[in-house]
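Summary of the model geometry
For reference, the chains in residue letters:
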Amino acid sequence: KMNTELGQHILKNPGVAQAIVDKADLKQSDVVLEVGPGTGNLTVRILEKAKKVIAVETDPRMAAEVTKRVQGTPAQKRLDVLLGDVIKTELPYFDVCISNTPYQISSPLTFKLLATSPAPRTCILMFQREFAMRLFAKPGDKLYSRLSVNAQMWAKIDHIMKVSRNNFNPPPQVESSVVRIVPKKPRPQISYEEWDGLLRICFVRKNRTLRSAFVGTSSIMDMLEANWRLWCAQNDIPIEDGPAGEDDGIEMEDVNGNEEEEEWSGIMDVDEDEDDTPAFFKEEEAEKRAQLLKKGSKRKKKGKAAETVRRKVLKVLEQDTELAEKRARLCDEGDFLKLLYAFNVEGIHFN
Ligand code: SAM
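Residues numbered from 1 in each chain as written. Predicted model: local features only at pLDDT ≥ 70, side-chain atom pairs only at ≥ 80, totals over all residues. Heavy atoms only, no water.

Once that is clear, we can look at the packing of helix 6 (residues 146-154) against helix 7 (residues 192-202). Across the interface, helix 6 lies against helix 7 with an axial gap of 10 Å and an inter-helix angle of 155°. Considering their axes alone, helix 6 and helix 7 lie roughly antiparallel with respect to each other. In the crossing of helix 6 with helix 7, the sense of the turn from one axis to the other is right-handed. Of helix 7, the residues touching helix 6 (which contributes R146, V149, N150, M153 and W154) are Y192, W195, D196, L199 and R200. Its residues assigned to classes, the contact of helix 6 with helix 7 comprises six nonpolar, one polar and three charged. (Axes fitted to C-alpha atoms, helices over the stretch in contact; angles between N-to-C directions. Helix = DSSP H or I, 4+ residues; strand = E, 2+ residues; numbered from the N terminus. Parallel < 35°, antiparallel > 145°, perpendicular 65-115°, else oblique. Left-handed = near helix turned anticlockwise from the far one by under 90°. Contact = heavy atoms within 4.5 Å. Nonpolar A, V, L, I, M, F, W, Y, C, P; charged D, E, K, R; others polar.)

Spelled out as structure tokens, the structure:
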């Protein structure tokens, strides 16, 4: 009896199972991480091609099945089954990852693999078709989203093959696709948190202009001001504070950022991702930062500091990058990198 809450859809087509393993181009020396081995359809095929398989399985019954399947064979010693949730498991070294992924963990698994160091040589992963398409979507594509930009920042992603529902037992609700994820080497030298923080703002509504996403949204401007104050405090830069002058006080165009509602409404298809891109590099500094923030920012709403930040943001968008009128759904990686760099030069940060 399968537990579909755990995404248990066993691959019953041996041809597809073999194709997935073949696509990994395994070497005899490889250590392979398999996520969710289930009854072991992929596992036994990987064991034929690789030195060792580390299989992480959360369901004890399945862990027992796959263990039993290789018992008494020469492959037995080359299979390590780790019982647990792969997201919470500290992974040992591996060269390649192969997974018929339980769909509930598609996003956290992808980013866990992208954050793994040293980076795996390649990952061959089966996902829901739509998740797969979002992973490799390009600017202007319907499914282009924060997930696309984020994943493609750290890896080259290709579509390998479509797999229809009836190859599984029981058949899932939706079609599937196999993708190959090859992490970039060397790893791009930017902060994951900053990059993701910037993308979160740009993709709240991917059809807004960047100007509107930033200066048209007071909550975003407040956050950037807080981050800027923190950055100044950390770098011993004095902040000119106090209330804004009467003439040059700040007016937000639109607190809720709804000014483009009409134009937007026709394009409601895919917007912000559900809960993509978890922060894997987070939290150690959080407490320290909170303290600094308290200390360095007795905030006066919409004061001089807010003005300064607004000016900086407009300078970045209008002059430095000339991206103020562009919409996130059409921006490519180069655009977002330019933005991040220009903001950072101005002392504006996103984590
Ligand atoms: N690999 C097998 C196959 O292709 O036939 C089974 C794939 S099935 C789609 C997903 C497997 O992942 C199930 O065996 C399920 O118990 C396991 N699983 C679900 N959530 C998991 C998690 N968080 N960590 C590890 N394994 C998980």
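On to the environment of N344. Relative to the helices and strands, N344 resides in helix 13 (residues 333-345). In this structure N344 comes out as partly exposed when scored by relative accessible area, which is 25%. For the pair N344 and V149, spaced 195 residues apart in sequence, the C-alpha separation works out to 19 Å. Apart from residues lying up to four places away in sequence, N344 is in contact with E194 and H349. In terms of polar contacts, N344 uses its side chain to reach the side chain of H349, at 3.4 Å. (Buried < 20%, exposed > 50% of the residue type's maximum accessible area, 1.4 Å probe, protein only. Polar contact = N/O pair within 3.5 Å; in protein donor to acceptor, adjacent residues only side chain to side chain.)

Time to look at the nonpolar core. When a protein is soluble and globular, its nonpolar side chains tend to lie buried together. F214, V313, F336, L339 and F343 are the most contacted members of the largest nonpolar core, which totals 64 residues. Sequence-distant contacts of V313, defined by excluding residues within four places in its chain, comprise F214, V215, M221, L224, F343 and I348. (Core = buried A, V, L, I, M, F, W, Y, C linked by side-chain atoms within 4.5 Å.)

Turning next to unusual backbone geometry. Across the junction of N169 and P170, the peptide omega takes the value -10°, indicating a cis bond. Within the fold, P170 resides in the loop between strand 8 (168-169) and strand 9 (176-183). Between K185 and P186 the backbone carries a cis peptide bond, its omega angle lying at -5°. Within the secondary structure, P186 sits in the loop between strand 9 and helix 7. Positive phi, close to 45°, is recorded for D25, a residue that is not glycine. Counting through the fold element by element, D25 comes out in the loop between helix 1 (14-23) and strand 2 (31-35). Unusually for a residue other than glycine, E322 sits at a positive phi of about 55°. Assessed through its relative accessible area of 65%, E322 is described here as exposed.

In this fold, K184 is placed in the loop between strand 9 and helix 7. With relative accessibility at 29%, the residue K184 sits in the partly exposed group. Separated by 70 residues in sequence, K184 and L114 place their C-alpha atoms 9.2 Å apart. One polar contact links the side chain of K184 to the main-chain carbonyl oxygen of Q152, over a distance of 3.0 Å. At 3.0 Å, the side chain of K184 forms a polar contact with the backbone oxygen of M153.

The values are spatial; any link to function lies outside them.
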